[in-house]
Amino acid sequence: MATSGGFWAEAWRRYRRRPLAMAALAFVGLLVLVAALAPAIAGTKPVLCRYKGRLYAPCLGYFNRQWEPAIFTKDRFRGTYPQNLKDKDPESWAIWPLVFQDPFRTVRENEWPGRPENPAKDEGRPSRTNLFGTDQAGVDVFAKMVHGTTVALLVGFVSMGIAGTIGILVGAIGGYFGGWVDTLTSRVTEIVMCIPTLVLILAIIAILEKPTIWHTMAIIGATGWTGIARLTRGEFLRLKNAEFVMAARAAGAGPLRIMLRHILPNALAPILVPITFGIASAILVESSLSFLGFGPPPPSASWGSVLNDARSNLSMWWLVFFPGVAIFLTVLAYNLIGEGLQEATDPRLREARK
Amino acid sequence: MATFLLRRLLLGILTLLVITCFVYGLARAMPGTPLTAQMGEDPSRKLNPEDQERLRRIYGLDKPWYTGYAQWLGNVARGDLGRSITRKQPVTTLIAERIGPTFLISGTALLLIWLMAIPLGLYASARSGTADERATSLLLYVLYSFPTFVAALFLQIVFSVWLRGTPWELPLFGMTDLPPTAPWLARAADVAHHAILPVVCQTYVSLAYDSRFIRANMAEVLRQDYIRTARAKGAGPWRVLFRHAFRNTLIPLATLIGLSLPGLIGGSVIIEQIFTWPGMGRLFFESIRERDYPTIMGLTLMFSVLTLLGQLLADLLYCLVDPRVSVE
């Protein structure tokens, strides 16, 4: 190799050589884009509109109810914009989302001029107006899935953020200090590993009065750290007697500084790999919980809850196919990223490829 | 060896105490009791307040959770797992009823996995880098990322809905459609027919994972110096693969076998739930929904014991296949 940059620059160079891993990264980027632009892709609220002389962006209401301009509640729009805008202010104009469909309710007849009502029951196979079909209540599946992307992404990042923090902390403390501290942290890790995750999640969700998607994420994070802790502990055990750590100690660095500034950066690459795989499994856990009917309550749209709707009528194949493929591709993408990361950062695998 | 086992036993008991105490507290903290959960489903079974109070006393639900836990613990120490509140049967009977169906699925799946994963893993490392190997590996990777419950729904749609009326139709759910009076051969065939889809679902993910695992370990071993030596002295490619390389991948394999023990008997909640298969996983799910504390606790205890035993088994297998490793 000609010029060798830092460790991460080198890892990125190796990572870029893997087309599948790059495609997976691009896919996750696409998901982020879809999640951020969800109200502009599918919705029944204008992205931007001029009403009674002022500009509004009612589509923000999809992110947070309170962000929907109050004037539309006052003027009794009741969520249906096209007709109301025209009736109440003939001068108004609006930029509409790409697909006029709502993730939470069915679109009624003539709500969009000249369009029939969404088909309900098992009639709603995919069509021009309903790209991915509709569910039993007539709600558009495409809109549901576009808005569910946020949940899928957040679940991965938030829960693994929590799990990563706990895991690294517990593993680092156990590995660095050793002795009885290590015995204690290893025991705790083993106990958490033995508790059936499903009992823990179902019980905590049952205990909470109003479980939200955030609770689910926190619980997945609080149970998913054991593997990370074990790996971190191993890395810290291996590195704590390395020469550079001894040098830091001799220079007078305290344990916290050694752990965070000296050991952790060197242990980070192997720890990042299980975290990436963990994102994939967090998405799996969330969607299977929603699938079993323990997901976030409506109106949070989750891919898994669309699958749950399909269980009552399997002839509606589109309720299985589209969310199923979406979950599969997302899980696959994270697994491919994790694998790419592993190959890019593990020097032993690197030698093997020569 | 004896001190090692004793140490593990004591630590294991301590772990079990913490886990069961924690799960019991959690279970009791869930809103509702077995009595209210039953009434919620069926209004005709609503009890008047005096009867409710009487039942609460009988089942010890009027006492705080730690008293209940101490009682449960005392019974377990005497070998009694208690009686299910909602099903009016001893927990051991319930478990005995469900263990067979679960084992039928997971045992068959495990057998299939090992019968296929080892040849697949060896094949992948023997033909490493060729086009067919890369295609197989990619396919396995894709399968590994395919969520089981999605696969189960896809299979149900294809085999139970689209192929309905053809000889390829497979039953949607349940374990058997025949009455218990039917001849046993017909019943066995019917159960096997019902088991096909659950077994396929439980097999494919682990198959993909395990064969990749074997492949990865083989890749590690094949880089060692003694493999080069074996090749240099003229051993054929298959002989190198089997006699020299594969034997040395048995160590990590032993760990994997040990860790698959809890799943073998614990079953899979999701698969059993989708296919309404009357196994342990489904019992677990139902008992949580019914707030049936004795069953929840009995199953938790069993799963935890199995997990700990699996870890112990993995460690012991480790010593068995690698004489350099000692438990001491």
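Look above for the structure.
**Topic: the overall build of chain B**
Looking only at helices and strands, chain B has 15 helices and 0 strands in total. Across its three principal directions, the C-alpha atoms of chain B cover 85 × 60 × 35 Å. Split into buried and exposed, the 328 residues of chain B put 33% on the buried side. Long-range contacts, defined as pairs at least 24 residues apart, comprise 70% of the intrachain contacts of chain B with a sequence gap of at least 6.

**Notes on the pairing of strand E2 (residues 48-51) of chain A**
Both faces of the sheet carry side chains from a regular strand, because those side chains alternate between them. All names here are of chain A. Of the two faces of E2, only one is covered, namely that formed by Cys49 and Tyr51; the face formed by Leu48 and Arg50 stays uncovered. Across 3 bridges, E2 lies against strand E4 (residues 93-95) in antiparallel orientation. The residue bridging cysteine 49 from the neighbouring strand is alanine 94, located in E4. Bridge count for E2 against strand E3 (residues 54-56) is 3 bridges, and the pairing is antiparallel. The partner of tyrosine 51 across the bridge, within E3, is arginine 54. Once E2 ends, the chain turns through 2 residues before running back antiparallel as E3, passing lysine 52 with a positive phi of about 50°.

**A short note on the interface of chain A and chain B**
One widely used convention gives an interface's size as the accessible area the parts lose upon coming together. Contacts between chain A and chain B engage 29 residues on the former and 34 residues on the latter. Those elements that provide at least two residues to the side of chain A that touches chain B are helix H7 (179-194), helix H8 (197-207), helix H12 (255-291), helix H13 (303-310) and helix H14 (318-345) of chain A. Take the side of chain A that touches chain B: its biggest share by element is 7 residues, from H14(A). Classifying every residue of the side of chain A that touches chain B by side-chain character gives 23 nonpolar, 5 polar and 1 charged.

**Quick notes on the sheet that holds E2(A)**
All names here are of chain A. The 3 strands are arranged E3-E2-E4 in an open sheet whose pairing can be described as antiparallel. Every interior strand has two partners, whereas the edge strands, E3 and E4, have only one. Shown here is a sheet whose adjacent strand axes are inclined to one another by a mean of 20°, direction ignored.

**Remarks on unusual backbone geometry**
Residue B:Lys88 is not a glycine yet carries a positive backbone phi of 55°. Looking at where B:Lys88 falls in the secondary structure, it is placed in the loop between helix H4 (65-77) and helix H5 (91-126).

**What about helix H10 (residues 226-239) of chain A?**
All names here are of chain A. Compared with an ideal rise of 1.5 Å per residue, which puts 14 residues at 20 Å, H10 spans 20 Å between its outermost C-alpha atoms and is within 8% of the ideal. Taken as a whole, H10 has its buried residues at Thr226, Ile228, Ala229, Arg230, Leu231, Thr232, Arg233, Glu235 and Phe236. Packed against the buried residues of H10 are helix H6 (141-177), H7 and H12.

Calculation notes
- Residues numbered from 1 in each chain as written.
- Chains lettered and ligands numbered in written order.
- Predicted model: local features only at pLDDT ≥ 70, side-chain atom pairs only at ≥ 80, totals over all residues.
- Helix = DSSP H or I, 4+ residues; strand = E, 2+ residues; numbered from the N terminus.
- Buried ≥ 20, exposed ≤ 12 C-beta atoms within 10 Å, placed from the backbone.
- Contact = placed C-beta atoms within 7 Å.
- Pairing = 2+ DSSP bridges.
- Nonpolar A, V, L, I, M, F, W, Y, C, P; charged D, E, K, R; others polar.
- Axes fitted to C-alpha atoms, helices over the stretch in contact; angles between N-to-C directions.
- Expected span 1.5 Å × (residues − 1).

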